[in-house]
Amino acid sequence: MTDHPSPATRSLDRSLRLRRPAGHESGMTTIVTVLGGCLVIAVVLSMTATVTLNSQRNTNDNRLGLEAQYAAESALARAQAQADLYAESLNSIVIPQGTQQSSILNQLGAVCGLASAVTLPLNIFNLPVAGQKLCDVPVLTGSALDNQLAFFRNNVAKPASMSDDAWKTYWRNMFGGKDAVLLAKTTAAPTTATGTLETEVKGGLTMTEVRVYPDNTMRVLITSNPVVSSTTLKSGGKVIAQRTYSAGSVQSREIKVSQPPFSEYQYFVNRRTLPGTTATGNGSRLVFWDEDTFEGRVHANGAFDKTAPLFYATTATKGPRFLGKYTSTSSPLEYATATKPTPSTMFKGGFQLGVPAVALPSNANDQRLAAAGVQAGQCTTTTDACLKEKFGAASVTNGIIKNGVYFSSGTATASNTGSGFGSNGTGGIYVKGNVDDLKLSKNGEFQRIEIVQAGKTTTFEQTGPTSWRVKEGSTVIKTMTNSTFNGMVFVDGAIGDQNTMGSNGLRGDGADTPDIAAKSQLTVAASGNIFIKDNLTYTDNAKDKPNSSNVLGVYSEGATSR
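Keep in mind that this is a model prediction, so the values were computed, not measured.

Cut-offs applied
- Residues numbered from 1 in each chain as written.
- Predicted model: local features only at pLDDT ≥ 70, side-chain atom pairs only at ≥ 80, totals over all residues.
- Heavy atoms only, no water.
- Helix = DSSP H or I, 4+ residues; strand = E, 2+ residues; numbered from the N terminus.
- Buried < 20%, exposed > 50% of the residue type's maximum accessible area, 1.4 Å probe, protein only.
- Contact = heavy atoms within 4.5 Å.
- Areas by Shrake-Rupley, 256 points an atom, 1.4 Å probe, with all protein chains shown as cover.
- Disulfide = S-S within 2.5 Å.
- Salt bridge = Lys/Arg side-chain N within 4 Å of Asp/Glu carboxyl O.
- Core = buried A, V, L, I, M, F, W, Y, C linked by side-chain atoms within 4.5 Å.
- Polar contact = N/O pair within 3.5 Å; in protein donor to acceptor, adjacent residues only side chain to side chain.
- Arc of directions from axis to C-beta.
- Pairing = 2+ DSSP bridges.
- Axes fitted to C-alpha atoms, helices over the stretch in contact; angles between N-to-C directions.
- Phe/Tyr/Trp six-rings, centres within 6.5 Å; stacked < 30°, edge-to-face > 60°.
- Lys NZ or Arg CZ within 6 Å of the ring centre and 35° of its normal.

Let's talk about the overall build of the chain
Scanning the chain from N- to C-terminus turns up nine helices and 29 strands. Scored against the burial criterion, the 562 residues of the chain give a buried share of 40%. Within the chain, counting contacts between residues at least 6 apart in sequence, those at least 24 apart form 63% of the total. Looking at the chain as shown, the accessible area adds up to about 29,800 Å², and 53% of this sits on carbon and sulfur atoms.

Take a look at the structure:
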């Protein structure tokens, strides 16, 4: 077998001018082949080293990135916990009972950066549903910002461990906007085996405007911004890793400022005396009688020895019973009898005397409009003009609505010509002028309302969930088969008289059967006195049926007797 040397070998031979002995050519080939194999191995090892180096570099980069990621996520979690505290503080805003509206308007004026109180529109109840803007909230700094935030800061209980300055800083940080620093870069940044971590979290609330709505509430509108956490890992002054994470989105929030609802009381009395011979009235006062029982909360405004309620008890172990908490602006208790049961005997749910008075709304325009079926924001002129429009020209004489009972929209030739309650079949009953008698009773399982005015009796008998029959005397004048009664009965005048021996006034029918149907939710309101005669009884007792829905509200707008 003849060996053929490679060109590289022949070149080597020529340069050395050597002859290879016979029989040794095969060995040289083996050596060269081995050297060639080593070269391939070296190349493979070099490639392997490069791949390993890149893998190590990627692993190191991932490790650095994870350090930054974990730091950013940890800071974000801490900032979210801080945001939860802010939310808890905002949900804890409580305006102290007895705070006057003027004080609230001044505080909201400061929120808007004004030197004085915000001004409410003349007829709030005629505002559009979206309300009316009272002011824009500016971005303030320094002491001006502290004054702006006083409304929130002073109406939330300050933690005992926090100083006044720290409390101000807390609220500044809360309302710092999207660039507010929730967690700042630490002075001594934490170090790792690879470098120094610097983490900062930004985000906060921004107030935008203050609005007032037709339900007589005011709201501070707020924007919540995303919480953004950024971490930088540095080594030798160079940035070697960065991570940024965020939580949340831009959302609109609001804080509602309103008086607590009167629905929290089972019985609320502002000032109850019969008209007297003086401006303050010196007639008989409200009496809580022997063994009267009130299961819910009761509050009484009134002055000592003038308009506060009296307590009547035949023995020291009797007297009225209050199972819910009783509060009164008067102090001490006043009795109509020589027998005086102890407070623990009468007040089973606790009591508190000398509390601030609970203010009443200044007018009842919302009740008037609700009785006419006018929804909030639909009346853009005066209440009187809107009522005339809804009840039609036939209801007006010499520019004044005539006395009478109105329950449907009218026309130029006849009032109450509509097919249901109010202008859209979802109103109530509006009465112009004094009412002699207003009697509530049941028509089977449904409601009956009987109104007597100047010798004329108008009766509303509910015959089904959305069906009613209206009678004048014994004559049926209208049948409504698809009309939803909203429960409002408003009398632009007084209801009944002060004769304690008569039956004229707001009352039940005197029978053993209940007066308020199980599904009825009624409000009887008037611009003048409302004299309650006899008992008014419910079908369902809330004590026996906690989910019962029958309810009666009685509201006198500007009476001398309540």
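So, helix α3 (residues 101–111)
Taken together, the buried positions of α3 are occupied by Ile 104, Leu 105, Leu 108, Gly 109, Ala 110 and Val 111. Looking at the buried side of α3, the elements it contacts are α4 (142–148), α5 (150–153), β4 (205–212), β5 (218–224) and β8 (251–257). Just downstream of α3 lies Gly 113, where phi reads positive at about 75°.

Looking at the state of the cysteines
In total, this model carries two disulfides according to the counting rule given. Here Cys 379 pairs with Cys 386 through a disulfide, and the sulfurs are 1.9 Å apart. Between Cys 379 and Cys 386, the disulfide has an S-S torsion of 95° and is therefore right-handed. Judged by relative accessible area, Cys 386 falls into the buried class, the value being 4%. In the chain, the cysteines engaged in disulfides, taken in order along the sequence, are linked 1-2, 3-4.

A word on the pattern of salt bridges
This model, assessed by the stated rule, comprises 19 salt bridges. Lys 133 is paired through a salt bridge with Asp 136; the nearest N and O atoms lie 3.2 Å apart. Each member of the salt-bridge network shares a partner with another, and the members are Arg 448, Glu 461, Arg 469 and Lys 471.

Quick look at the nonpolar core
Counting residues in each nonpolar core, the largest one holds 40 residues, and the members touching the most others are Leu 90, Leu 108, Phe 152, Trp 171, Phe 175, Met 207 and Val 210. Those elements that provide at least two residues to this core are α2 (25–90), α3, β1 (132–136), α5, α6 (164–174), β4, β5 and β8. It is α2 that contributes the most residues to this core, five residues altogether. When neighbours within four sequence positions are excluded, Phe 175 is seen to be in contact with Leu 90, Leu 149, Phe 152, Leu 205, Met 207 and Ile 222.

Section: the environment of Ala 542
Among the structural elements, Ala 542 can be located in the loop between β28 (521–526) and β29 (551–556). Sequence separation of Ala 542 and Gly 296 is 246 residues, and the distance between their C-alpha atoms is 9.6 Å.

Quick word on the side chain of Asn 550
Its place among the elements puts Asn 550 in the loop between β28 and β29. Residue Asn 550 is classed as buried on the basis of its relative accessible area of 9%. Here the side chain of Asn 550 touches Asp 540 through a polar contact of 2.7 Å, landing on its backbone nitrogen. Not counting residues within four places of it along the chain, the set of residues in contact with Asn 550 comprises Ile 516, Ala 517, Ala 518, Ser 520, Tyr 538, Thr 539 and Asp 540.

A short note on α6
Where α6 is concerned, the buried positions are Trp 167, Tyr 170, Trp 171 and Met 174. End-on, the buried residues of α6 take up no more than an arc of 90°, which puts them together on one face.

A word on the sheet that holds strand β16 (residues 351–353)
Taking strand neighbours across the sheet as the criterion, the four strands line up as β9-β12-β15-β16 in an open arrangement whose pairing is parallel. Since the sheet does not close on itself, it has two edges, and those belong to β9 (267–269) and β16, each with one partner. Neighbour-to-neighbour, the strand axes of the sheet open up by a mean angle of 5°, direction not taken into account. When strand β15 (residues 326–328) meets β16, the two strands line up parallel, connected through three bridges. Counterpart to Thr 327 in the pairing with β16 is Gln 352.

Points about the pairing of β28
In this sheet, β28 lies alongside strand β26 (residues 488–492) in parallel orientation, the contact comprising four bridges. When the sheet's bridge partners are listed, Met 488 is paired in β28 with Thr 523. Two strands pair when backbone bridges link them, and β28 and β29 are joined in this way by six bridges, in the parallel orientation. Across the sheet, the residue bridging to Ala 525 is Tyr 555, located in β29.

Some details on the side chain of Arg 211
Along the polypeptide, Arg 211 turns up in strand β4. A polar side-chain atom of Arg 211 sits 3.3 Å from the main-chain carbonyl oxygen of Ala 130.

A closer look at the sheet that holds β29
Overall, mixed pairing links the five strands, which are arranged β19-β20-β26-β28-β29 in an open sheet. In this open sheet, the two strands that pair with only one neighbour each are β19 (404–406) and β29. When strand polarity is set aside, the average angle formed by the axes of neighbouring strands in this sheet is 15°. Relative to β26, strand β20 (residues 429–432) runs parallel, the two being bridged by four bridges. Within β26, the position partnered with Lys 432 by the bridge is Asp 492.

So, the environment of Tyr 312
If you trace the backbone, Tyr 312 turns up in the loop between β13 (310–311) and β14 (321–322). Judged by its relative accessible area of 28%, Tyr 312 is partly exposed. Each C-alpha atom, one on Tyr 312 and one on Glu 334, is 9.2 Å from the other, the two residues being 22 residues apart in sequence.

A word on the packing of aromatic side chains
Remark: the centre distance and the inter-plane angle together describe each pair of aromatic rings, the angle taken between the planes. Under the defined criterion, the tally for this structure stands at 34 aromatic pairs. Aromatic pair Phe 311 and Tyr 335: ring centres 6.1 Å apart, planes at 50°, arrangement tilted. Highlighted residues: Phe 311 in strand β13 and Tyr 335 in the loop between β15 and α7 (343–346), separated in sequence by 24 residues. For the pair shown, Phe 311 and Tyr 335 are each scored as buried. Ring centres of Phe 391 and Tyr 430 lie 5.6 Å apart, and the angle between their planes is 25°; on these two criteria the pair is classed as stacked. Note that Phe 391 is positioned in helix α9 (residues 383–391) and Tyr 430 in strand β20, a separation of 39 residues in sequence. Since its relative accessible area comes to 1%, Phe 391 is described here as buried. Each member of the aromatic cluster is reached from another via a ring pair, and the members are Tyr 267, Phe 288, Phe 294, Phe 311, Phe 322, Tyr 326, Tyr 335, Phe 347 and Phe 351. Positioned over the ring face of Tyr 213 is Arg 219, at 4.0 Å from the centre of the ring.

Remember that the coordinates give geometry; whether it matters functionally is a separate question.
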